[in-house]
Structure formats: C-alpha cells, structure tokens
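Here's the letter readout for the chains.
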Amino acid sequence: MSHTTQAYRAAILHSLADPSKVGVEQSYEYFEDGLLVVEEGQVLACGPAEELLVRFSGVTVTEYPDALITPGFIDTHIHFPQVGVIGSYGTQLLEWLNTYTFPAEGRFADAEVAAENAEVFLGELLRNGTTTALVFGSVHKQSVDAFFEAALARNLRMIAGKVLMDRNAPDFLQDTPESGYADSKALIERWHGKGRLSYAVTPRFAPTSSSEQLALAGKLFGEYPGLYMHTHLSENLKEIDWVKALFPERKNYLDVYDHHGLIGPRAVFAHGVHLCDDECARLGETGSAVAFCPTSNLFIGSGLFDLPRVEGHGVRVGLGTDVGGGTSFSQLTTLSEAYKVLQLRGESLNPFKSLYLATLGGARSLYLDDKIGNFAAGKEADFVVLDYKATPLLEFRLKQAKTFAEKLFALITLGDDRAVKETFAAGRSLHRRD
Ligand code: GUN
Ligand code: ZN
C-alpha cells in the first residue's frame, strides 16, 4: 500500500457475469458495508469493509452513508455534435436527420464550437455517471480533435471517430472516400492508444456512404490493432427500404457492411431494431455488438428492440443513450425505458441484468472487460457514488424496500443525474454534485 492509496466506504454493487448466462444470484457481488480500495488509478481490492479495513489499516477512507457505489456507466452509442438538438419534436429518423441533425452538425466545422460543445458533452456524461462512451463525432476532423483533447485532459477511457459520409447528405457535411480515409488515418495516428483513448472508424450508415467509401473504411478498420467500427443498422423501416434500393445486390442490411469488411470484434452497430435471424446469427458468429438505445428508439418512433432474441444469437449487447435522438444522458433513465420496452414485448428486465448492461455487459460489447466494467483487482478505478437520498421521493420509496433487489429496481426507475453524487475516473473525482 502506498501513500496514494484511497478507500471508499459505502454499499457496493458490481456485476460478475451476465445474469442471462449464470442466473441472477451468481451474476453480482453486493457488500452492504463495502470498501473499494484504489491505488494509482486502479482497483486494489473490493469487499466487506470490516475485513479490508484490517488488511489496509491506516488507509485514508472516504465514507458515503446512504449511498451505493457501482462501476462507472458505459454508453455504447452516443453523438457528440447532437447535444444541441436533444428533445426535438415530432419526426422519424430520416426527416429528423434533415430537419435538426444535419444543420446542427454543420456548426462543428468551427473548432471553437466543437471545443465548447466538448466541455458541455463531457460535463453531462460525468454528471450522469458515465465514464466510458463510444462516440460519433461530426464529419469534421476538428470535432474529434476537440472531443479527444477534452477527454484526454480528464484521463477518460473514451472511443470516438469522425463521421464518414460522401452522399445523400448536405454538401457542407460531405467528405469523399479518399479525404474521409486520409482524415480518419491522421486522427488515428494522433489519438488511437493515447492515454485511454481509442479510435472508431465511423461510417454514419449505409445510405450516406458510397460503396467506395465503405470499402476504404473496411480497409482502414483492418489497418491498426484495436480499432473500433461504429455505425447504425436497421433502426427504422423507411431506412431499411432505402438501403435495399441503394444496395439491391446485398442480401440484407448487415450484408452491406459485411461485404465491405465492416464487421467483427469491436464492430458496434447501433439500434438493430428490425434485424432478421440471419443478421442476428451473423452478428453473433463474428463477435460484433449491438447498442440497444431505448429512449431513441421510442422517441424517433423506430420500434421495440428484441433484447432476448438478439442476445439469444450470441450477440454482445450494450446500452446506448443515442443522444440527441435519445432523450437522456442518464443510463438510469435509459434502463428505466429499457424495462418499459421489454414490458411492451411481454418480457421483463431484472435490475441485476440492467446493472450488467450498463457496466460489465457494455465493457464486454466493447472488448474492454479486462479493463473496466467491474471492481476486479487491477481494473481501472472508474466508479460512481449513487445517492439513496437524491430526492425526497427516492428517499421515501427506498425506505419501504424490503430487499436490495427492490431497492435497486426503484433506484433505476426513479434515478437520473440527481442520483449521481460523485463520479470518479481512474481514481480521480471528476464530478461532485454538491
Ligand atoms: N442513422 C444515421 N444517422 C443517425 C443519427 O445521427 N442518429 C440516429 N439515431 N440514427 C441515425
Ligand atoms: Zn445514433
């Protein structure tokens, strides 16, 4: 133990495995009076306070009464340039893009706008307890520079990329296959592997990239170890018809990406609301992931994601807020909406499965479960302190809870950014609510 060792005492909860695979009881660890010991940005130990206070006697302890410590939340799909259009009224995907989103993204040609927005965006993530995100930039490389600069200054584990888009979008938002490739490559050289940052090759979706652009994106995806691929897939029925018309030779939507080498480990497809069994099976066998984005799927009228069916094909699934099509930065709010989506499908979502989706499951879908997602010794110390007394209603409701599972479910259902008392990344406090 060094003089920099810190310990945090509260109730502690973290996932050990997917409840759908090992059963709920084997899927988590919970310490009613727990201690999380952190050294040099990493987890040194996590367990019952009584035991660990003996083992680490003399350690500086911060106590949080009436609070729950969990791993930092992981957002597997979000758009940095869309904060300014969150909560825009009354359209479905394609009209929503043209009416609100493209004009907003156009402003990111200005590096100052991008820098200003990066501060707001990261501030919101941290206020909501999100410590890792897979992030769409705009088509402008300066948007990604601004985002990564702000993330590096906070030593966050973040993944982002410049959008590739060479057709079916306003001129001011288009690149070309060659310029998109060259700009992405320059960003990879500058940022990929720096601090805790990684780069994602980011074709927006099949309709806005030519086959030439998708082919170059696929080539780039294979050129550097550890790169991600991040795009949208089968979100909206009109979008799917459009893809069929644009790529009539491909057997389904996923096959457009597959054909161009845009599939496999660290390929993350947002939405997947309307996938057929063949697409699910292919995603599963290639080790690709899908980001489940409930608030966005509801808000822009895309449909109800079939979590059990997609997971049943062995597909890795993470949770995405998809701001600004999505309506909240909060993973708690997003999980509450996920529960409602499953209810409408006649399914349910156990609160420990919710915890898994927002933490270890997200990490697994990003192939980061050796680094983040729970409190196994040696992992990066990204964690949140959730306040059981965040609002009068939450405090009153939680007092009635007879079991921890009941408490957790109510916390997820009623919680939002107000429930996040403090957020730590790599052992450093980056947000304190009060
Ligand atoms: N499909 C293509 N672009 C977008 C976007 O910005 N948001 C969402 N939700 N879907 C998309
Ligand atoms: Zn999206």
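The name an unreviewed UniProt entry assigns to the protein is Guanine deaminase, from the organism Pseudomonas kuykendallii. Database annotation for the protein, UniProt heading Sequence similarities (unreviewed entry): "Belongs to the metallo-dependent hydrolases superfamily. ATZ/TRZ family." In UniProt, the protein has this text filed under Catalytic activity (unreviewed entry): "guanine + H2O + H(+) = xanthine + NH4(+)".

### Examining the coordination of the zinc ion (ligand 2)
The coordination sphere of the zinc ion (ligand 2), as far as protein atoms go, consists of His77 (NE2), His79 (NE2), His232 (NE2) and Asp322 (OD), spread over 2.0 to 2.3 Å. Geometry at the zinc ion (ligand 2) is irregular, judged from the 4 donor atoms that bind it and their angles of 87 to 173° at the metal. Under the relative-accessibility criterion, histidine 79 is labelled buried at 2%.

### Topic: the site of ligand 1
Lining the immediate environment of ligand 1, one finds His79, Gln82, Leu93, Trp96, Leu97, Arg204, Phe205, His232, Glu235, His271, Ile300 and Asp322. At 2.7 Å, a side-chain N or O of glutamate 235 approaches a nitrogen atom of ligand 1. A distance of 2.8 Å separates a nitrogen atom of ligand 1 from a polar side-chain atom of aspartate 322. The protein chains hide 100% of the 280 Å² of surface that ligand 1 would expose on its own. Broken down by element, the residue count for the shell around ligand 1 peaks at 3 residues, all from helix 3 (residues 93-106). Classifying every residue of the shell around ligand 1 by side-chain character gives 5 nonpolar, 4 polar and 3 charged.

### Re the pairing of strand 15 (residues 420-425)
Where burial is concerned, most of strand 15 is hidden: 5 out of the 6 residues are buried. Sheet analysis places strand 14 (residues 383-387) next to strand 15, joined by 4 bridges and oriented antiparallel. Along strand 15, the bridge assignment pairs leucine 386 with valine 420. Relative to strand 16 (residues 428-432), strand 15 runs antiparallel, the two sharing 4 bridges. If you follow threonine 423 over to strand 16, its bridge partner there is histidine 431. If you look at the hairpin formed by strand 15 and strand 16, you'll find 2 residues sitting between the two strands, and alanine 426 has a positive phi there, around 45°.

### Points about the side chain of glutamine 213
Residue placement: glutamine 213 occurs in helix 7 (residues 211-221). Within polar-contact distance, the side chain of glutamine 213 engages the backbone nitrogen of methionine 165 at 3.2 Å. For glutamine 213, the contacting residues outside a window of four places in its chain are Leu164, Met165, Asp166, Asp175, Thr176, Pro177 and Thr208.

### Some words on the packing of helix 5 (residues 141-153) against helix 6 (residues 177-191)
Contact pair helix 5 / helix 6: the axes reach a minimum separation of 10 Å and the direction vectors enclose 15°. Taken together, helix 5 and helix 6 sit at an angle that is classed as roughly parallel. Helix 5 and helix 6 meet at a crossing whose hand is right-handed. For the pair helix 5 and helix 6, contact is made by Lys141, Val144, Asp145, Phe148, Glu149 and Leu152 and by Asp183, Leu187, Arg190 and Trp191, respectively. When grouped by side-chain class, the residues that make up the contact of helix 5 with helix 6 number 5 nonpolar, no polar and 5 charged.

### Digging into the nonpolar core
One finds Leu68, Phe121, Phe147, Met158, Phe269 and Phe292 to be the most contacted residues of the largest nonpolar core, which totals 103 residues. Per-element tally for this core: the top contributor is helix 4 (residues 111-127), with 7 residues. The residues touching phenylalanine 292, leaving out its near neighbours within four places in the chain, are Asn297, Phe305, Leu307, Val317, Gly318, Leu319, Gly320, Ala338, Val341 and Leu342. In this structure, Ala10, Val43, Ala381 and Val385 belong to the second largest nonpolar core, which totals 16 residues.

### Description of the UniProt feature "domain: Amidohydrolase-related" (unreviewed entry) in the protein
Summarizing the sequence annotation, UniProt attributes the feature "domain: Amidohydrolase-related" (unreviewed entry) to residues 69-428 in the numbering used throughout. Each end of residues 69-428 is marked by a C-alpha atom, and these two atoms are 15 Å apart; helix forms 43% of the span and strand 17%.

### Focus: the state of the cysteines
Taken as a whole and assessed by the stated rule, the structure comprises 0 disulfides. We note that cysteine 276 lacks a disulfide partner, and the nearest cysteine sulfur, in cysteine 280, lies 7.0 Å from it.

### Details of the pairing of strand 2 (residues 28-39)
Judged from the 9 bridges that link them, strand 1 (residues 6-15) and strand 2 form a sheet pairing that is antiparallel. Looking across to strand 2, one finds that tyrosine 8 is bridged to leucine 36. The sheet contact formed by strand 2 and strand 3 (residues 42-48) spans 6 bridges and is antiparallel. Bridging across to strand 3, leucine 35 finds its partner in glycine 47. Between the antiparallel neighbours strand 2 and strand 3 lie 2 residues, among them glutamate 40 with a positive phi of about 45°.

### Here we look at the sheet that holds strand 2
Taken in spatial order, the 7 strands line up as 3-2-1-4-14-15-16 in an open sheet, and their pairing is mixed. Each end of this open sheet is capped by a strand with a single partner; those strands are strand 3 and strand 16. If you compare each strand with its neighbour and ignore which way they point, the axes differ by 35° on average. Here strand 4 (residues 60-71) runs beside strand 14; their pairing, made up of 5 bridges, is antiparallel. Residue threonine 70 lies in a different strand from strand 14, and its bridge partner there is valine 384.

Definitions and cut-offs
Residues numbered from 1 in each chain as written. Chains lettered and ligands numbered in written order. Predicted model: local features only at pLDDT ≥ 70, side-chain atom pairs only at ≥ 80, totals over all residues. Heavy atoms only, no water. UniProt positions renumbered as here; feature names shortened; annotations may be inferred. Donors = N, O, S within 2.8 Å, 3.2 Å for Na, K, Ca; no water. Tetrahedral: all angles 85-135°; square planar, octahedral: opposite > 155°, others 65-115°. Buried < 20%, exposed > 50% of the residue type's maximum accessible area, 1.4 Å probe, protein only. Near = heavy atom within 4 Å. Polar contact = N/O pair within 3.5 Å; in protein donor to acceptor, adjacent residues only side chain to side chain. Areas by Shrake-Rupley, 256 points an atom, 1.4 Å probe, with all protein chains shown as cover. Helix = DSSP H or I, 4+ residues; strand = E, 2+ residues; numbered from the N terminus. Nonpolar A, V, L, I, M, F, W, Y, C, P; charged D, E, K, R; others polar. Pairing = 2+ DSSP bridges. Contact = heavy atoms within 4.5 Å. Axes fitted to C-alpha atoms, helices over the stretch in contact; angles between N-to-C directions. Parallel < 35°, antiparallel > 145°, perpendicular 65-115°, else oblique. Left-handed = near helix turned anticlockwise from the far one by under 90°. Core = buried A, V, L, I, M, F, W, Y, C linked by side-chain atoms within 4.5 Å. Disulfide = S-S within 2.5 Å.

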